[in-house]
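Geometric and topological summary
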Amino acid sequence: MSSNQGLSPIAQSSGPSDGLFRKPRDPSMAPRHYRTARSLPDVCPKEPTGEGRALCDGPSVVADQHRWTVYNSKVNLPAALNDPRLAKRESDFFTKTWGLDFTETDVMPSFYLPNISREHFSSYLQETAQREKIHERCKNICPSKDDLSVPTITNNHDKARAELEQVPKIFMKPEFVLNDPATFNAVLPWSHFSVAGGKNSRDVASSRLLQEKLSHYLDVVEVSIARQISLRSEAFFHAMSSQHELQDRLRETADAVAKLRARTAAIDRVMCRGPLRALRDALTHNNCIKLHNKLKLMAAVHQTQPTVQLLLSTSEFVGALELITTTKEVLQQELQGIHSFRHLGSQLCEMERLIDKMMVADFSTYAQSDLSRPFEEDSQVLEKDRLQSLVFGLLRQRKLDFLDIYSEEMVRAAKNVVRQCVVKSVSQISEIDADAVKFHEQMRLMTFHQWFDLLLDIFEHFILFLKRIKATLSAIRNVVLEVLDSSQRSRLADVSSATNHSDGRTNEDEEEEDSGGGEAELAYLTHEGLFISDALNEAEQRSNAAAHAQTRAQTRTDACGSDSASATTESSSSREHNSNTTSSLPIGGAAAIEDVMPSDLELGRVANNAQELLYTASDVSHDRCIKVLMTRAKDGSLERLSSSEFVCLSQAVESFVSDTEELCGRRSVSLRGALQSQAYRFVQRFHEERKTKLSLLLDNERWKQAEVPAEFQDLVDSIADGRVTLPDRKPTGSKDRKPSDFLFVDGQKYAVVGTVLLLIRMFLEYCQCVNDIPSITTDILTRLADLLKHFNSRSCQLVLGAGALQVVGLKTITTRNLALASRCLQLVVHYIPVIRAHFETRLQPKQYSILRHFGHITKDYNDHIAEISAKLVAIMDSMFEKALSKYEVKAPMPSACLRNVCKQMAKMHEAIHELLPEEQTQILFLKINAGFKLHLKRQLARLGVINDGGPQYGLVMVDVAFYSENVQALRSLERLDLNMPEIWEQKR
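Quantities reported herein were computed from a predicted structural model and do not represent experimental measurements.

**Comments concerning the packing of aromatic side chains**
Tallied over the full model, the rule gives 15 aromatic pairs. Taken together, a centroid distance of 5.9 Å and an interplanar angle of 35° make the contact between Phe682 and Phe686 tilted. Highlighted residues: Phe682 and Phe686, both in helix α24 (residues 670-699), separated by four residues, approximately one helical turn. Accessibility classification places Phe682 together with Phe686 in one group, the buried group. Judged by centre distance (5.8 Å) and plane angle (50°), the ring pair of Phe763 and Tyr831 falls under tilted. On the criterion of sequence distance, the pair formed by Phe763 in helix α26 (residues 754-772) and Tyr831 in helix α29 (residues 815-840) is long-range, its members being 68 residues apart. Judged by relative accessible area, Phe763 falls into the buried class, the value being 3%. Linked through ring pairs, Phe646, Phe682, Phe686 and Tyr766 together constitute an aromatic cluster. One cation-aromatic arrangement involves Arg823 over Tyr750; the distance from NZ or CZ to the ring centre is 3.9 Å.

Given below as structure tokens:
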């Protein structure tokens, strides 16, 4: 009914036999015409009018936005209709385009069109007369859309809406139920009535008013419902008229179905029953052939258990597993449900589990014998064929954890390596009783050289141990990779054969379609649940599948069977017996060998595990060596080693670690870490010994100039030549040379104390330690910086702080002591850049930040030197202040005060001029002279003596000249500019 709403009432028809003209209706006109005037959809459409087309023929903004219409025109219509060339406006606008000669003429009627009169429509009018009456009656009920204008419809719609809005919203709600007390009280407001039982006129009037209001609401709703029904009456009448056509079509369909059933029954009786009987006989014959084949297959399967036992007796595990797998596949696919074989599957599974245990035990035995055999044997891989057979069988059974067995045996064998080496070494030492002393104590009772020889022996045995493990794991990994490669090649062969098979099958199907079209017509018929086409081709399909499976099994055997049980003569004969026994079996189950083997991902994981096991072997070897080191270091014996002994130990460990890394291909840090830990303790002890020694030397130092032995001068000369190391042995002839008073460094002479000479040897020992053990560079650098800081701080306490008075028992700290301390500090400062450059070459670029310690140390030493220089100036300054405070300008000249000052200056120069270089001596005396001029200037100002050329001025100038002559007469001060006029106040 809804599909015919788009047709006008006159054009609607109930069937194709009425011969009525159907006029199409644009579905976009009617809804747009009434959408603005009605809130409900129009279910009774009328004929479209001109006014409706005027409202809806405009272009759609959405659908027509890219299509050009007349609304896109930009020409002014009055301008287009007016021709300015004419004197008057013509009534016909065609003359504008077609010229002034255009005239209207009568069009002749066409000779090909008939003359239509009213008689041609007489039959149509008779058939539609009844429908026209119904249409007219509908028009009286629902006025025509042509008679309604948009404002009228809008007003009626607004009026109906206004009337409905008078009805309260509570009546329109879907949950309106008077049983609800709240709804009932809202509809009947009892609060307007008096509570008392009596009735009064007000209550009567209220009830009457309420009744009239409800009646009015009812009338409004009924009128609205009647209006809606009247608008839809035409659709109701159309639905009733459509029922007749539907009944006629159903009657015709029932007759056609009955005829078809009768024809089908005749075809079945005449053409099908006989052929079906022939097909049933053919199917019975095929079943008999299958039964005979099944019996032969059962006879072959019955011989499986004896054959498996024969294979196991010759340790042919792979052949037995292949036979068991093939038999299980046959039982599951071909002999499923055979009562006599109901226990054979479980028996085969039990035998398979037994074979698994036998292979695991055999592999464990192999691992023990391989890892426990003497290292003197030349063979790297023990019984390689046996190993390959075991690995292939374990892979076939998905026993992928067999490497864990080898790992456990490897750890046990590593422990035995250490024990055997210790027992061998102890047996050669008569001082150690192996029966009375525990195993760990035996290594502690050895001397370092005995223990070091033991450690080298352990290293050598572990290298051989790792080589043997690497060879065995390489053989295992090669088997895994061969299986992986054969699996991939077999998969590629299967894919190519499947592609060729599918192409051949497609060609055969095309030929069958061309030649056997008659057989295809019977393919949809069934007999006892089987398709006939399948019943005919079942035997051929089974034979093709068996041949294809046999090809796959043969490919798999050629690719992977070379590493299985073909090592001995018995295994070859057993395999021949196996092939003869299983020749009568269908090879469809044997094709599952590929499925039995692990996947490519699992095989790759096993290969990676073999490589990781080699890394584990290296780590286990390192761990056992670490235990040997820790056993020796438990009582602190490694910390008490000399530098040369520890260097030997470090080099041996580094060589062993490098060999294992080259052998296994991975860097190991455990043994290096243990050595680093011992190196840290060694450095700590090394530093503490030298720091304690330096403290003792400083506490006993009397800060007097020491003689420099020739060996120390040679040591300094070697540093100047770029060899920042200790000499291997003392140079010949150094004892015959006499010691010198000064140490000559780069053309300068240094007066030093004995402690500084030993300090130079100490930091050379630190540098030598870095050369021998590069891994402890940062620790040594930190300790050396601490040693230099300790020397600086302790010497400052003893000299500047006068600590040497109590520690050593000096009576006083003289200027010579101060100058000697300053010169010693300058010598250390001279060697700090050399030490920094030496350490910088042995540090990584990211470790250069640690070199900042040398900058801090240099600054501290320079500050200390400056403090000593300031102390020397302060000593003379206090003397000037005391002496010049008693200065008087009177004869005789030179005065006694100036004589005393010059005497003290000469003593100062005599004390330091041999210790300090000329430049430092001159700078120091310039500072002393500045202090002298300052105090003399103050005294002259106090005495009121000015440079006026008077007698007192002359006396002062005599003293000044005496002072200048004495100072400049001192050695290396001849050209010193004293600038004595500064003692006078400048005139303003």
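**Description of the environment of Leu344**
With respect to the helices and strands, the residue Leu344 is situated in helix α13 (residues 344-372). Residue Leu344 is classed as buried on the basis of its relative accessible area, which comes to 8%. Sequence separation between Leu344 and Gln305 is 39 residues, and the spatial gap between their C-alpha atoms is 9.0 Å. Ignoring any residue separated from it by four or fewer positions in sequence, one finds Leu344 in contact with Val301, Gln305 and Leu331.

**A few points about the pattern of salt bridges**
Counted according to the given criterion, the structure contains 24 salt bridges. Two residues, Arg794 and Asp699, come together in a salt bridge whose shortest N-O distance is 2.8 Å. Taken together, the residues span a long stretch of sequence, with Arg794 in helix α27 (residues 777-800) and Asp699 in helix α24 at a distance of 95 residues. Given a relative accessible area of 21%, Arg794 falls into the partly exposed group. Through salt bridges that share partners, Arg685, Glu689, Arg690 and Glu765 make up one connected network.

**With respect to unusual backbone geometry**
Here the amide bond leading from Met893 into Pro894 is cis, since omega sits at -5°, within 30 degrees of zero. As for its position among the elements, Pro894 is in the loop between α30 (852-884) and α31 (896-912). In this structure, Trp703 is a non-glycine residue whose phi angle is positive, near 55°. We classify Trp703 as buried; its relative accessible area is 2%. Despite not being glycine, Asp746 shows a phi value in the positive range, around 55°. Following the sequence through the fold, Asp746 ends up in the loop between β3 (743-745) and β4 (748-750).

Scoring rules and cut-offs
- Residues numbered from 1 in each chain as written.
- Predicted model: local features only at pLDDT ≥ 70, side-chain atom pairs only at ≥ 80, totals over all residues.
- Heavy atoms only, no water.
- Phe/Tyr/Trp six-rings, centres within 6.5 Å; stacked < 30°, edge-to-face > 60°.
- Helix = DSSP H or I, 4+ residues; strand = E, 2+ residues; numbered from the N terminus.
- Buried < 20%, exposed > 50% of the residue type's maximum accessible area, 1.4 Å probe, protein only.
- Lys NZ or Arg CZ within 6 Å of the ring centre and 35° of its normal.
- Contact = heavy atoms within 4.5 Å.
- Salt bridge = Lys/Arg side-chain N within 4 Å of Asp/Glu carboxyl O.

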